[in-house]
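Summary of structural features
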Amino acid sequence: MIESDYTIRTVLSADRSRLANLIHFGTHIHQHLDWKAPLDWIGSRPYLLLESSQEALASLACPPELPEISWIRLFASSSQISAGKAWEHLWKATSEELRDRGDIKVAAISLQSWFNDLLTGSKFTHTDDVVVLLWEKFTSFPDASASQCLVRPMLPEDLERVTRIDHAAFDSIWRNSSESLSLAFQQSSLASVAESDDRIIGYQFSTVGAMGGHLARLAVEPSMQGKGIGYLLIHEVLSQFNKLGATHVTVNTQKNNQASLTLYAKAGFKLTGESYRVYQNFLQH
């Protein structure tokens, strides 16, 4: 197949079935760890399809969730084209479309070595690692001391305040949009907030699967950090998972986030040795 046979265009709703097949049967697949599935991003841009004779060969989705940051949501390529060649064509078109919007940071959490190679070859910089920690059943965890706070189940009307805390607590690359936080609330098994004087000062989302629990998101208002609020939320989560019979609980954080690592260690979480590289590329208009 010669390169002139390739066409690149925006993914349309009509491509959903072909894209699903590409994701399922493709030889090289990267999917972002997200509350939103790759097919649910159809209609957002840039989301490109590389095809030949109407055959879907590869796809790259990189729509910004917030104005200043865009994660690579999906890269998928079939056996009909090399991953390197597919990436080269799609990243060139994607980066041009993103640059037209203005300066933007593009990021990816890479789960596979072949994707590391594609990213570094396109001037992405390895900036951090996401590490995995594990808490196992019967591991003791100290009582929480932030007695001035109340932990209660999260309500839909709490999401506006939760979004403000999220954006204040995290650097721009790690912030979630209000839409993502709403999806997290809908998909979570446990969602709770910490209140002090009837004011929400922290929150968490957790999920439950066949193998155990996962603490997916936790944040505390910056002015209240270091006062035991984060640990209070973790303590409540572990207590609930104990009642549910979960044999273990996992959590992810950044390797360079010493405050989070110390907090989770206090609760009995231990590093598993599993980690994923974080890459960033700053595109200028």
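Residues numbered from 1 in each chain as written. Predicted model: local features only at pLDDT ≥ 70, side-chain atom pairs only at ≥ 80, totals over all residues. Heavy atoms only, no water.

**Focus: the side chain of histidine 30**
Defined as follows: Comment: elements are numbered from the N terminus, with helices defined as DSSP H or I runs of at least four residues and strands as E runs of at least two. Burial status follows relative accessibility: with a 1.4 Å probe on protein chains alone, a residue under 20% of its type maximum counts as buried, one over 50% as exposed, and anything between as partly exposed. Think of a polar contact as two N or O atoms within 3.5 Å of one another; within protein, one of them needs to be a possible hydrogen donor and the other a possible acceptor, and neighboring residues in sequence only count if both atoms come from side chains. Two residues qualify as a contact provided that any one of their heavy atoms is within 4.5 Å of a heavy atom in the partner residue.
Here histidine 30 is to be found in strand E2 (residues 28-31). For histidine 30, a relative accessible area of 1% gives the class buried. A polar contact is formed between the side chain of histidine 30 and the backbone oxygen of isoleucine 72, at a distance of 3.4 Å. Setting aside residues no more than four positions away along its own chain, histidine 30 makes contact with Ile72, Arg73, Leu74, Phe75, Ile109, Ser110, Gln112, Trp114 and Phe115.

**Side note on the packing of helix H4 (residues 159-169) against helix H5 (residues 178-187)**
Definition in use: Working convention: axes come from line fits to C-alpha atoms, limited for helices to the stretch in contact. Angles between N-to-C directions cover 0 to 180 degrees. Convention used here: angles under 35 degrees read as roughly parallel, angles over 145 as roughly antiparallel, angles from 65 to 115 as roughly perpendicular, and any remaining angle as oblique. The hand of a helix crossing depends on one turn: near helix anticlockwise from the far one by less than a right angle means left-handed, and clockwise means right-handed. The nonpolar class holds Ala, Val, Leu, Ile, Met, Phe, Trp, Tyr, Cys and Pro. Asp, Glu, Lys and Arg form the charged class, and all remaining residues, Gly among them, are polar.
Where H4 contacts H5, the axes come no closer than 10 Å and their chain directions differ by 120°. As summarised for this structure, H4 and H5 are arranged oblique, according to the angle between their axes. Note that H4 runs across H5; the crossing there is right-handed. Residues Leu159, Val162, Thr163 and Asp166 of H4 form the contact with H5, whose participating residues are Ser178, Leu181, Ser182 and Phe185. Its residues assigned to classes, the contact of H4 with H5 comprises 4 nonpolar, 3 polar and 1 charged.

**Concerning the sheet that holds strand E6 (residues 74-77)**
Basically, it comes down to this: Strand pairing follows a simple DSSP-based rule, namely that at least 2 bridges must link the two strands.
Spatial strand order, E1-E3-E4-E6-E2: 5 strands in an open sheet with antiparallel pairing. Of all strands in the sheet, those bounded by a partner on one side alone are strand E1 (7-10) and E2. Taken over all neighbouring pairs, the strand axes of this sheet differ in orientation by 20° on average, direction set aside. In this structure, strand E3 (residues 47-52) lies alongside strand E4 (residues 55-61), joined through 6 bridges in antiparallel fashion.

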